[in-house]
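Topology and contacts: notes
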Amino acid sequence: MNRYTILVYTENFIGILNRITIIFTRRGININALTASESRLDGIHKITIEVTVTPEQIEHLVKQIEKVVDVIKAYYFTDNEVVYQEIALYKIPIESLDPSVEKVIRQFNAHIIAAEKEFVVLEFTGHKEDTQALLEILKPFNLLEFSRSGRVAIAKPKFSVQEYLNNQT
Amino acid sequence: MVRGADIVVKSLIAENAEYIFGYPGGAIMPVYDALYDYSAQIKHVLTRHEQGAIHAAQGYARVSGKVGVVLATSGPGATNLITGLADAQIDSTPLVCITGQVAAHLLGSDAFQETDVVGLSMPGTKWNIQVRSVEDIAPAIAKAFHIAMTGRPGPVLVDITKNAQVEFGEFNYIPCTGIRSYRPFQPINTQSIQAAAELINKAERPYLLFGQGVVLAHAEKELQEFVDKTGIPAACTLLGSGALPETHPNYVGKLGMHGNYAPNLLTNKCDVLIAVGMRFDDRVTGDLKRYAKQAKVIHLELDPSEIDKNVKCAVPVLGDCKKSLAMLTQAVDQKSHLSWLEKFRELEAQEKEAVVANDLHATHGGLHMGEVIRLINQFKEKDAILVTDVGQHQMIAWRYFDFKTTRTQVTSGGLGTMGFALPAALGAQLHDYKKQVICVVGDGGIQMTIQELGTIMQTKAPVKIVLLNNNYLGMVRQWQQLFFDKRYSFTELDNPDFIKIAEAYNFKARKVTEREDLEAAVAEMLVQDGPYFLEVVVEKEDNVFPMIATGCSVEEVRLS
Ligand SMILES: Cc1ncc(C[n+]2csc(CCOP(=O)(O)OP(=O)(O)O)c2C)c(N)n1
Ligand SMILES: [Mg+2]
């Protein structure tokens with residue numbers, strides 16, 4: 001099993017996300033994380049899916065995704081073929097902010113992005129392993145809440161959805 | 001300006017739809033009201049259940065090669081379509097289903113007969129959409145027809161809210177000719193043709209398997225030309241039957257769990273396996289780990305997601321097989337494979353002796369289903385269409401019916417939907433009243449959609465129904481006998497008097513229990529101008545052989 005990033009470019013069509021996720025559900029495959037947003041191209045959405053499967057499964061999944069009528073193109077990459085990040089937010093009570101915690105914050109290069117009377121919110125962006133490491137460190141300090149996004153990713157290999165669209169057959 | 005409901009009907013007419021199979025209800029009533037004005041331009045068939053409507057549309061689509069059109073109301077009307085959608089999806093049958101929906105402002109409020117049909121039908125459709133305003137109706141229907149019919153065909157569903165049906169809008173129909181995210185046809189890669197031709201030219205024991213893809217691509221002629229030039233033995237899947245005439249010297253029979261002996265067994269003896277428009281269904285391959293491992297596989301296929309799905313291939317040839325077969329025929333050497341073909345004939349002789357002889361010419365014991373099919377062959381018209389349900393009778397009819405031309409078989413392949421045959425036969429018959437349509441059905445399956453006898457009565461479709469009554473859910477009983485120690489758990493049926501039922505629906509009907517009456521009865525049925533119902537009481541505990549049991553390899557196909 002490997003960890004893969006699937007990049008799906010789709011029309012902005014109601015239900016498209018559902019059509020894509022049922023491909024995984026039907027095969028009993030768990031999606032690690034999923035993000036969706038507009039892409040660089042007007043009217044085209046980009047869905048980023050992280051999934052841990054076998055090489056055969058990823059081939060199969062991507063073909064099934066491409067088969068969806070409103071999907072323009074889908075690509076998959078291994079972790080070293082993409083640049084990716086996940087953002088994590090940590091809510092820490094004010095009284096936990098002692099020098100040792102502040103040291104950790106500096107070490108990780110995390111940022112305090114909100115400070116309220118009773119708590120601060122810390123932001124840290126990185127790979128899951130890094131945000132998880134910080135989480136483990138902060139847990140004993142009465143960490144109140146934690147939230148982590150799915151990955152956003154840019155592929156290293158060159159491909160162009162625009163070019164693909166221009167090449168109508 | 002016209003009402004949305006008129007736009008629905010005018011759009012269907014613009015797409016040259018000949019028939020609508022449907023059932024009315026609250027949320028679709030405006031469309032039904034509109035239909036009242038267009039009866040000269042489009043025919044509506046009122047079935048007795050929405051499942052009947054969609055199976056009838058499937059039968060129509062399969063024999064005509066056109067899109068089948070279905071109309072149903074919201075809620076229960078829409079959910080009754082689900083079985084047919086799943087069936088059409090797995091068997092690549094082009095359908096456009098239009099469902100009514102509650103008014104847009106009520107969506108999500110649990111309004112009367114509101115159901116999320118777009119969500120429910122998503123896995124069972126090639127595409128679906130909900131239309132909530134009048135101006136979106138015609139474009140959605142245009143897209144629906146385009147998607148249903150192009151590439152690998154399939155069912156699509158358009159859910160139209162009631163407000164959109166009663167709003168007024170312009171009607172200006174523009175057929176859909178392309179969608180940028182959807183590329184139904186891949187250009188054929190000439191290198192793959194070259195690579196395939198090289199493998200084929202070098203092969204000593206090449207073997208060709210063809211499926212419904214050949215029929216859907218209208219590539220019957222190209223298939224035959226390829227087989228003629230290469231001399232390669234060719235076998236068909238359940239839905240591929242008829243794509244190559246069974247009388248062709250290279251035709252070697254049928255694949256799969258209850259297919260023929262030689263085509264299954266020799267799959268593991270060929271050196272190059274050429275699969276055309278088929279998807280290596282598990283009913284064809286048996287245990288994949290022991291399937292054609294010795295062979296280099298060439299796969300001619302339109303749908304990229306079928307490549308390497310079940311069987312890894314050495315050379316994929318993506319694209320329309322009408323084109324790729326023609327290109328391949330150009331590229332290969334003229335050859336013959338007589339001694340290899342002879343191997344098939346030897347095993348065929350064994351199957352004849354061990355199975356076929358008795359299936360077709362039993363002389364004692366109860367009537368055999370095979371005898372009925374033999375007599376049908378004797379009296380039927382050449383291009384008669386066989387429609388079957390699911391079970392033992394389906395396999396026996398498929399094995400022994402004389403398929404002389406393409407599009408002469410309609411059956412539920414991938415989903416195996418009991419209850420399919422009766423409505424599908426109606427749809428097939430409506431496409432052409434003059435064609436002979438013979439519906440072979442079991443005593444279990446007929447009772448799943450028996451109400452459609454009423455639709456046959458009302459349309460006067462001259463369907464010939466042959467009920468093969470073994471008083472059992474025969475196929476399940478066969479498995480219970482072979483694999484569950486003869487524990488016949490809930491498979492025996494107390495059946496009604498089918499003749500009385502048929503007569504109540506105005507059918508001419510006859511019941512045969514004795515061998516000496518069978519021939520005359522079949523002959524009498526097949527000269528009728530109108531519908532006919534023939535019940536044949538057959539041996540209760542007959543089994544279908546050959547058989548590849550679940551989990552077994554194709555070489556473990558057994559004759560008894
Ligand atoms: C809707 C549905 N339910 C259950 C099955 C499982 N099944 C497959 S064959 C069969 C028995 C069919 O009996 P009958 O129609 O009498 O045909 P026979 O096998 O006796 O010829 C059953 C129950 C099915 N295929 N479809
Ligand atoms: Mg039966």
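Residues numbered from 1 in each chain as written. Chains lettered and ligands numbered in written order. Predicted model: local features only at pLDDT ≥ 70, side-chain atom pairs only at ≥ 80, totals over all residues. Heavy atoms only, no water.

**With respect to empty space enclosed by the protein**
Definition in use: For each structure, a 1 Å grid was placed over the protein atoms alone; sets of points admitting a 1.4 Å probe that cannot get out are labelled cavities, open sets with protein on both sides within 12 Å along at least five of seven lines are labelled pockets, and lining residues have an atom within 4 Å of a point. Grid points are joined across faces, edges and corners, and a volume is the space filled by probe spheres set on the points. As a working rule, the residues Ala, Val, Leu, Ile, Met, Phe, Trp, Tyr, Cys and Pro are called nonpolar, Asp, Glu, Lys and Arg charged, and the rest polar, with Gly in that last group.
According to the stated counting rule, one finds two cavities of 30 Å³ or more in the structure shown. Put simply, the largest cavity is a space of about 60 Å³. Lining of the largest cavity is provided by B:His368, B:Met369, B:Gln392, B:Ile396, B:Val538, B:Glu539, B:Asp542, B:Asn543 and B:Val544. When grouped by side-chain class, the residues that make up the lining of the largest cavity number four nonpolar, three polar and two charged. Computed from the structure, the second largest cavity encloses a volume of approximately 40 Å³. Surrounding the second largest cavity, A:Phe13, A:Ile14, A:Gly15, A:Ile16, A:Arg19, A:Asp70, B:Met122, B:Trp127 and B:Asn128 form its lining.

**Side note on the sheet that holds strand 5 (residues 95–101) of chain B**
In any sheet, the strands associate via hydrogen bonds between backbone groups, in a parallel or an antiparallel arrangement. Residue and element names in this part refer to chain B. Note the threshold: Here, any two strands with at least 2 DSSP bridges between them count as paired. Put simply, DSSP H or I for four residues or longer makes a helix, DSSP E for two residues or longer makes a strand, and each gets a number counted from the N terminus. Helix axes are fitted to C-alpha atoms over the stretch in contact, other axes to C-alpha atoms as well, and angles between N-to-C directions run from 0 to 180 degrees. Only heavy atoms matter for contacts: two residues are in contact if any of them lie within 4.5 Å across the pair.
One open sheet accounts for six strands, arranged 3-2-4-5-7-6; its pairing is parallel. Each of the sheet's edge strands pairs with one partner strand only, and the pair in question is strand 3 (43–46) and strand 6 (127–131). Taking each pair of neighbouring strands and ignoring which way they run, the sheet shows an average axis angle of 20°. Here two bridges tie strand 2 (residues 19–22) to strand 4 (residues 68–72), and the two strands are oriented parallel to one another. Note that in strand 4 the partner of Gly22 across the bridge is Leu71. Taken strand by strand, helix 3 (residues 50–64) contacts strand 2, strand 4 and strand 5, and its axis lies near 170° from that of strand 4.

**What to know about the UniProt feature "domain: ACT" (unreviewed entry) in chain A**
What counts is decided by this rule: UniProt positions are given in the numbering used here, feature names are shortened, and annotations may be inferred rather than shown by experiment.
The UniProt record marks residues 5–85 of chain A with the feature "domain: ACT" (unreviewed entry), using the residue numbering of this structure. Between the C-alpha atoms that bound residues 5–85 of chain A the distance is 12 Å, and the span itself is 30% helix and 46% strand.

**Some details on the pattern of salt bridges**
To be explicit about the condition: The salt bridge definition used is simple: a Lys or Arg side-chain nitrogen within 4 Å of an Asp or Glu carboxyl oxygen. Only protein chains enter the accessibility calculation, which uses a 1.4 Å probe; a residue whose area is less than 20% of its type maximum is buried, one above 50% is exposed, and one in between is partly exposed.
Applying the stated criterion to the full structure yields 34 salt bridges over all chains. Across the pair A:Glu129 and A:Arg3 runs a salt bridge, and its minimum N-O distance is 3.1 Å. Of the two residues, A:Glu129 is situated in helix 4 (residues 128–138) and A:Arg3 in strand 1 (residues 2–11); the sequence distance between them amounts to 126 residues. The class of A:Glu129 is partly exposed, set by a relative accessible area of 44%. Of the charged contacts in the structure, one is a salt bridge between B:Arg62 and B:Asp91, with a shortest N-O distance of 3.7 Å. With a gap of 29 residues between them, B:Arg62 in helix 3 and B:Asp91 in the loop between helix 5 (82–90) and strand 5 connect regions that are remote in the sequence. Exposure remark for B:Arg62: the relative accessible area of 7% places this residue in the buried category. Among the charged side chains, a salt-bridge network with shared partners connects A:Arg3, A:Glu50, A:Asp79, A:Glu86, A:Lys128, A:Glu129 and A:Arg151.

**Topic: the domain arrangement of chain B**
Interface size is often expressed as the accessible area that is lost when the parts come together. All names here are of chain B. The test is simple: Marked domain ranges trace back to an automatic or database domain assignment. Defined here as a combined quantity, buried area equals the accessible surface (1.4 Å probe) lost by two parts on assembly, summed across both.
For chain B, the assigned domains read domain 1 (2–169), domain 2 (190–343) and domain 3 (366–537). The centre of domain 2, based on its C-alpha atoms, is set 31 Å off from the matching centre of domain 3. Listed by partner, the interface residues are 21 residues for domain 2 and 18 residues for domain 3. Each partner contributes to the roughly 1500 Å² buried at the junction of domain 2 and domain 3, and carbon and sulfur atoms together form 58% of this total. The largest share of the area that domain 2 buries against domain 3 comes from Leu238, Lys254 and His258, three residues that together contribute 40% of it. Applying the counting rule to domain 2 against domain 3 returns zero salt bridges.

**Here's the deal with the UniProt feature "domain: Thiamine pyrophosphate enzyme N-terminal TPP-binding" (unreviewed entry) in chain B**
Cross-referencing UniProt, the feature "domain: Thiamine pyrophosphate enzyme N-terminal TPP-binding" (unreviewed entry) maps to residues 3–118 of chain B in the present numbering. End C-alpha to end C-alpha, residues 3–118 of chain B measures 23 Å, and it is 41% helix and 18% strand.

**Re the sheet that holds strand 3 (residues 44–53) of chain A**
Residues and elements named next belong to chain A. Here four strands make up an open sheet; going across it, the order is 2-3-1-4 and the pairing antiparallel. Among the strands making up the open sheet, the edge pair consists of strand 2 (31–38) and strand 4 (71–78). For this sheet, the mean angle separating the axes of adjacent strands, direction not counted, is 15°. Pairing of strand 1 with strand 3, which is carried by 10 bridges, proceeds in the antiparallel orientation. Residue pairing across strands places Tyr9 opposite Lys46, the latter belonging to strand 3.

**What to know about the state of the cysteines**
Note on terminology: disulfide describes a covalent bond linking the sulfur atoms of two cysteines. Residue and element names in this part refer to chain B. Inclusion rule: Cysteine sulfur atoms that pair up within 2.5 Å are treated as a disulfide.
The full count for this structure, using the stated rule, is zero disulfides over all chains. You can see Cys97 has no disulfide; the closest cysteine sulfur is in Cys176, sitting 18 Å from it. For Cys321, which is in no disulfide, the shortest distance to another cysteine sulfur is to Cys236 and amounts to 15 Å. Owing to a relative accessible area of 5%, Cys321 belongs among the buried residues under this scheme.

**Comments concerning the side chain of B:Gln480**
Residue and element names in this part refer to chain B. Examined against the element boundaries, Gln480 turns out to sit in helix 20 (residues 474–483). Judged by relative accessible area, Gln480 falls into the buried class, the value being 8%. Look past the residues within four positions of Gln480 in its chain and what remains in contact with it is Asp485, Lys486, Arg487, Tyr488, Ser489 and Thr491.

**What to know about the interface of chain A and chain B**
Just so we agree on the cut-off: Any pair of nitrogen or oxygen atoms within 3.5 Å is treated as a polar contact; in protein, a donor-acceptor pairing is required on top of that, and neighbouring residues in sequence qualify only through side-chain atoms on both sides.
Tallying the contact residues gives 23 residues for chain A and 23 residues for chain B. Roughly 1900 Å² is buried in total at the junction of chain A and chain B, and carbon and sulfur atoms are behind 50% of that figure. The largest per-residue losses of area from chain A upon contact with chain B belong to A:Arg19, A:Lys63 and A:Val69, which jointly make up 34% of the total buried on that side. Connecting chain A to chain B are three salt bridges. Salt-bridge contacts for B:Lys143 lead to A:Asp70; the nearest nitrogen and oxygen are separated by 3.9 Å. Our count for the contact surface shared by chain A and chain B stands at 10 residue pairs in polar contact (both at pLDDT 80 or more). Residue assignment for the side of chain A that touches chain B shows that the elements contributing at least two residues are helix 1 (16–26), helix 2 (55–67), strand 4 and helix 5 (161–166) of chain A. Examining the composition of the side of chain A that touches chain B, we find that five residues originate from one element, helix 2 of chain A, more than from any other.

**Regarding helix 2 of chain A**
All names here are of chain A. The condition that has to hold: Expected span of a helix: the number of residues minus one, times 1.5 Å. Relevant arc is that of directions from the helix axis to the C-beta atoms, nothing else.
Here helix 2 contains 13 residues, and its C-alpha end-to-end distance of 19 Å stays within 8% of the 18 Å for a straight helix at 1.5 Å per residue. Restricting attention to buried positions, one finds in helix 2 the residues Ile58, Leu61, Val62, Gln64 and Ile65. Buried positions in helix 2, seen along its axis, are confined to an arc of 160° and lie on one side of it.

**Examining the coordination of the magnesium ion (ligand 2)**
Residues and elements named next belong to chain B. Stated formally: Think of the donor list as every N, O and S atom within 2.8 Å of the metal, or within 3.2 Å for Na, K and Ca; water never makes the list, so a site can look incomplete.
Coordination of the magnesium ion (ligand 2) by the protein comes from Asp443 (OD), Asn470 (OD1) and Tyr472 (O), over a distance range of 2.1 Å. The sequence pattern describing where the donors of the magnesium ion (ligand 2) fall on their chain is D-x26-N-x1-Y. Of the two residues, Asp443 is situated in the loop between strand 17 (437–442) and helix 19 (453–459) and Asn470 in the loop between strand 18 (464–469) and helix 20; the sequence distance between them amounts to 27 residues.

**Considering the nonpolar core**
All names here are of chain B. Under the convention used in this document: As used in this record, nonpolar core signifies buried Ala, Val, Leu, Ile, Met, Phe, Trp, Tyr and Cys residues forming a set joined through side-chain atoms within 4.5 Å.
Ranked by size, the top nonpolar core spans 68 residues in total, and within it Tyr207, Leu209, Leu273, Phe280, Tyr291, Ile376 and Val440 carry the most contacts. When residues of this core are assigned to their parent elements, the largest contribution, seven residues, is made by helix 15 (residues 338–361). Here this core gathers at least three residues from each of two domains, domain 2 (190–343) and domain 3 (366–537). Those residues in contact with Ile376, other than ones at most four positions away along the chain, are Phe401, Ile438, Val440, Val466, Val522 and Leu526.

**Notes on the site of ligand 1**
Residue and element names in this part refer to chain B. Selection rule: Only a single heavy atom is needed: when it lies within 4 Å of a molecule or strand, its residue is near that molecule or strand. Using a 1.4 Å probe, the Shrake-Rupley method yields the accessible areas, and only the shown protein chains count as cover for residues.
Near ligand 1 there are 18 residues, and of these Gln392, Gly416, Gly444, Gly445 and Gly474 occur at the shortest range. The contact in question runs from an oxygen atom of ligand 1 to an N or O atom on the backbone of Tyr472, over 2.9 Å. When ligand 1 is considered free in solution it has 590 Å² of accessible area, and contact with the protein chains removes 77% of it. Mapped by element, the contributors of at least two residues to the shell around ligand 1 are helix 17 (392–400) and helix 20.

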